[in-house]
Amino acid sequence: MAKLKTAYFCQNCGTQYPQWLGQCKNCGQWNTLVEEIVEKPSTKSVLEKSKQHIINIIEVETNEEARIKTPSEELNRVLGGGIVLGSVTLIGGEPGIGKSTLLLQLALKMKKKILYVSGEESASQIKMRADRLTELQNPHCYLFTETSVEKILHEAKKLKPDFVIIDSIQTLQSQLIESSPGTVSQIRECSNEIIKFAKDTNTPVFLVGHITKDGQIAGPKVLEHMVDVVLNFDGDRNHLFRLLRANKNRFGSTSEIGIYEMISQGLKEIKNPSEILITKKFEELSGNSVAVTLEGNRPMLIEIQALVSSAVYGTPQRSCTGFDSKRLNMLLAVLEKRAGFQLGAKDVFLNITGGIKTDDPALDLAVVASILSSNEDIAISEHFCFAGEIGLSGEIRPVPQIEQRISEAEKLGYEKIFVSNLNKIPKKKYGITIVEVSKIEDFHEFLF
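Being a predicted model, the structure only gives us computed values, none of them experimental.

Each value, and the rule that gives it
Every residue gets a number counted from 1 within its own chain, in the order that chain's sequence is written. Where local features are concerned, this predicted model is filtered to residues with pLDDT of at least 70; where side-chain atom pairs are given and counted, the filter is 80 or more; whole-chain, interface and lining totals use all residues. Hydrogens are left out, water is left out, and the side-chain values use all remaining heavy atoms of the structure. A run of H or I in DSSP becomes a helix once it reaches four residues, and a run of E becomes a strand once it reaches two; helices and strands are each numbered from the N terminus. Each residue gets one of three labels from its accessible area relative to the maximum for its type: buried under 20%, exposed over 50%, partly exposed in between, using a 1.4 Å probe on protein chains only. For accessible areas, the Shrake-Rupley method is used with a probe of radius 1.4 Å. Any residue's cover is judged against the shown protein chains and nothing else. We count Lys and Arg on the positive side and Asp and Glu on the negative side, and we leave His and both chain ends out. Positions of charges follow a simple convention, taking NZ of Lys, CZ of Arg, CG of Asp or CD of Glu. The residues that make up patches have over 30% relative accessible area and no salt bridge, and they are joined within 9 Å when like-charged or within 5 Å when they are Val, Leu, Ile, Met, Phe, Trp or Tyr. Between Lys or Arg on one side and Asp or Glu on the other, a salt bridge is scored when a side-chain nitrogen of the former is within 4 Å of a carboxyl oxygen of the latter. Only buried Ala, Val, Leu, Ile, Met, Phe, Trp, Tyr and Cys residues count toward a nonpolar core, and they belong to the same one when joined by side-chain atoms within 4.5 Å. Contacts: residue pairs with any heavy atoms within 4.5 Å of one another. Within 3.5 Å is the distance limit for a polar contact, defined as a pair of N or O atoms, with the added protein rule that one can donate a hydrogen and the other accept it, and that residues adjacent in sequence qualify only through two side-chain atoms. Any two strands between which DSSP finds at least two bridges are classified as paired. Summarising the geometry, the arc corresponds to the directions from the helix axis toward the C-beta atoms. Axis angles are defined between N-to-C directions and span 0 to 180 degrees, where every axis is a line fitted to C-alpha atoms and, for a helix, only to the segment in contact. The handedness criterion is simple: a crossing whose near helix is rotated anticlockwise from the far helix by less than a right angle is left-handed, and one whose near helix is rotated clockwise is right-handed. Side-chain classes are defined by residue name, with Ala, Val, Leu, Ile, Met, Phe, Trp, Tyr, Cys and Pro counting as nonpolar, Asp, Glu, Lys and Arg as charged, and the others, Gly among them, as polar. Angular relationships are summarised with four words: roughly parallel below 35 degrees, roughly antiparallel beyond 145, roughly perpendicular across 65 to 115, and oblique for the angles in between.

1. Remarks on the overall build of the protein
Okay, so step 1: Helix and strand counts for the protein stand at 12 helices and 23 strands.
Okay, so step 2: Taken along the three principal axes of its C-alpha coordinates, the protein extends 85 × 55 × 55 Å.
Okay, so step 3: When each of the 448 residues of the protein is scored for burial, the buried share is 47%.
Okay, so step 4: Surface accessibility of the protein: about 23400 Å² in total, with carbon and sulfur atoms responsible for 50%.
Okay, so step 5: Distance between charge centres in the protein, computed from 53 positive and 56 negative side chains, equals 5 Å.

As structure tokens, this is what we get:
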């Protein structure tokens with residue numbers, strides 16, 4: 001009888017070693033190496049089974065991927081137009097952020113045969129949540145509470161669903177691996193079997209993935225490489241808004257974003273986020289401004305709030321919510337060095353309302369406007385908005401897709417938008433006044 005070949009795999013990062021070590025050399029973790037059986041088929045058998053041959057790229061025929069439209073327009077946008085047949089989508093996020101709620105709503109509203117597999121909740125728990133989420137019940141939604149990947153795939157082949165939802169990949173285990181669920185080897189083996197099933201049967205599969213304390217999807221990084229789409233569902237649990245982003249998408253863009261609001265009946269799509277993210281103020285207050293940002297191809301207006309006050313303690317504080325703190329420090333240095341504003345001995349607090357986090361450089365102009373407004377205690381008109389990046393020499397740099405930003409501000413009734421004079425603005429008549437500025441000094445004169 002042939003001797004079994006084994007190797008040692010790190011349960012933290014997946015690195016393979018020929019013998020046991022106390023510490024993984026790759027990630028530095030201790031006592032994470034576990035012995036696993038490694039099967040290496042002979043070269044002869046592999047060559048006999050191979051039916052592929054070399055082909056010229058010009059001769060390859062391309063076909064448009066068949067997609068399933070979902071009832072959620074936000075999800076369709078992020079996926080690139082719908083669910084591709086045979087695709088495997090991994091969705092990750094913080095505990096309690098709404099991953100299971102999003103997929104259960106999808107299963108209940110779609111008029112398709114759906115298999116919902118849960119390794120974390122019982123069927124009665126899922127039914128209670130389903131009754132709370134929506135009055136609509138899909139008569140072709142089937143529940144299966146199981147953690148064995150062999151049993152799940154066996155039942156899926158018998159049922160032949162239109163697509164499968166598995167919550168979550170970390171709870172599954174394969175009988176071929178003698179390790180506990182959630183380990184690197186189990187996640188790798190289970191995901192391999194599920195991906196093979198999806199490709200062979202042309203059935204789309206959604207996988208829910210837990211994340212680590214660092215915000216990364218738990219398990220080996222190879223899991224994200226193997227699947228077709230990786231979605232990240234994030235947001236501040238203290239706020240109502242949830243953002244769905246694509247970190248990887250083989251069938252569409254990764255720059256699109258979907259916005260949901262968490263209500264008692266589940267997740268509600270936000271068709272026009274700008275109207276919700278902008279506070280309807282009864283009186284104009286200093287330190288508030290409106291920025292025109294862009295998420296993918298979607299323009300969006302968000303409110304920037306700043307508070308500048310004299311430092312009570314020795315060292316001035318710099319605090320940001322939803323904005324990069326290092327970029328704030330850079331903008332404050334530019335204001336002091338290039339424009340002569342004395343902010344070095346003052347506390348500066350910055351907040352993007354609604355729990356939104358963005359890294360769009362076009363927010364720079366609105367951030368500076370809020371800081372100057374709070375510093376001089378002069379309110380900015382609520383009919384003004386801003387879109388511009390600020391360079392280290394104090395110049396206001398152009399931002400991409402300025403036409404879409406102007407059109408969005410015009411649609412929402414703003415009277416004036418401040419942009420860089422280097423932006424190439426189409427020569428057509430807008431219903432909004434476009435103020436072109438070149439430097440921070442000029443911007444300050446125009447604003448106040």
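On we go from here.
2. With respect to a nonpolar patch on the surface
Okay, so step 1: A cluster of nonpolar side chains, contributed by Ile 55, Ile 57, Ile 58 and Val 60, occupies part of the molecular surface with about 450 Å² of accessible area.
Okay, so step 2: Turning to its location among the elements, Ile 57 is positioned in the loop between helix H1 (43-49) and strand E4 (67-68).

3. With respect to the nonpolar core
Okay, so step 1: Ile 304, Ile 371, Phe 386, Phe 418 and Phe 443 are the most contacted members of the largest nonpolar core, which has 45 residues in total.
Okay, so step 2: In terms of residue count, the dominant contributor to this core is helix H10 (residues 364-376) (7 residues).
Okay, so step 3: Those residues within four positions of Ile 304 in sequence are excluded, and the remaining contacts are Gly 287, Asn 288, Ser 289, Ala 291, Leu 350, Asn 351, Ile 352, Leu 363, Ala 366, Val 367 and Ser 370.
Okay, so step 4: Residues Val 78, Met 110, Val 229 and Leu 244 belong to the second largest nonpolar core, which totals 31 residues.

4. Some thoughts on the side chain of Thr 70
Okay, so step 1: Note on placement: Thr 70 falls in the loop between E4 and helix H2 (73-79).
Okay, so step 2: From its side chain, Thr 70 meets the backbone oxygen of Ser 72 in a polar contact 3.1 Å long.
Okay, so step 3: Within the local environment of Thr 70, its side chain forms a polar contact with the side chain of Asn 76, the two groups lying 2.7 Å apart.
Okay, so step 4: Apart from the residues within four sequence positions on either side, Thr 70 is in contact with Leu 75, Asn 76, Ile 83, Leu 106 and Met 110.

5. Focus: the pairing of strand E12 (residues 241-249)
Okay, so step 1: With 6 bridges connecting them, strand E11 (residues 229-234) and E12 associate as antiparallel partners. Within the sheet, the bridge partner assigned to Val 230 lies in E12 and is Lys 248.
Okay, so step 2: Examined bridge by bridge, E12 and strand E13 (residues 257-263) share 5 bridges and lie antiparallel to one another. Bridge pairing links Arg 242 to Tyr 260 in E13.

6. What to know about helix H5 (residues 149-159)
Along an α-helix, residues three or four positions apart point the same way, because every turn accommodates 3.6 residues.
Okay, so step 1: Burial in H5 covers these residues: Val 149, Ile 152, Leu 153 and Ala 156. What you see down the axis of H5 is that its buried residues fit within an arc of 90°, all on one side.
Okay, so step 2: Those residues of H5 hidden inside the fold are in contact with strand E7 (114-118), strand E8 (141-144) and helix H6 (184-201).
Okay, so step 3: Looking one or two residues beyond H5, the residue adopting positive phi is Lys 160, at roughly 55°.

7. What about the packing of helix H9 (residues 325-338) against H10?
Helix packing geometry: the angle between the two helix axes and the distance between the axes.
Okay, so step 1: Between H9 and H10, the shortest axis-to-axis distance is 11 Å and the interhelical angle comes to 60°. In the packing of H9 onto H10, the handedness of the crossing is right-handed. Counting all contacts with H9, which are made through Arg 327, Leu 328, Leu 331, Leu 332 and Leu 335, the residues of H10 involved are Asp 364, Val 367, Val 368, Ile 371 and Leu 372.
Okay, so step 2: Across the contact of H9 with H10, the residue classes tally to 8 nonpolar, no polar and 2 charged.

8. Digging into the environment of Leu 277
Okay, so step 1: Looking at where Leu 277 falls in the secondary structure, it is placed in helix H8 (residues 273-277).
Okay, so step 2: A sequence separation of 23 residues divides Leu 277 from Met 300, and the C-alpha atoms of the two residues are 8.9 Å apart.
Okay, so step 3: What Leu 277 contacts, discounting residues up to four positions off in sequence, is Phe 241, Met 300, Leu 301, Ile 302, Glu 303, Thr 353, Gly 354 and Ile 356.

9. Here's the deal with the packing of helix H3 (residues 99-109) against helix H4 (residues 123-133)
Okay, so step 1: Orientation of H3 relative to H4, taken along the N-to-C sense of each, is 75°, at an axis distance of 10 Å. Relative to H4, the element H3 is oriented roughly perpendicular. Touching Ser 100, Thr 101, Leu 104, Gln 105 and Leu 108 of H3 are Ile 126, Arg 129, Ala 130 and Leu 133, all from H4.
Okay, so step 2: Among the residues making up the contact of H3 with H4, the classes are represented as 5 nonpolar, 3 polar and 1 charged.

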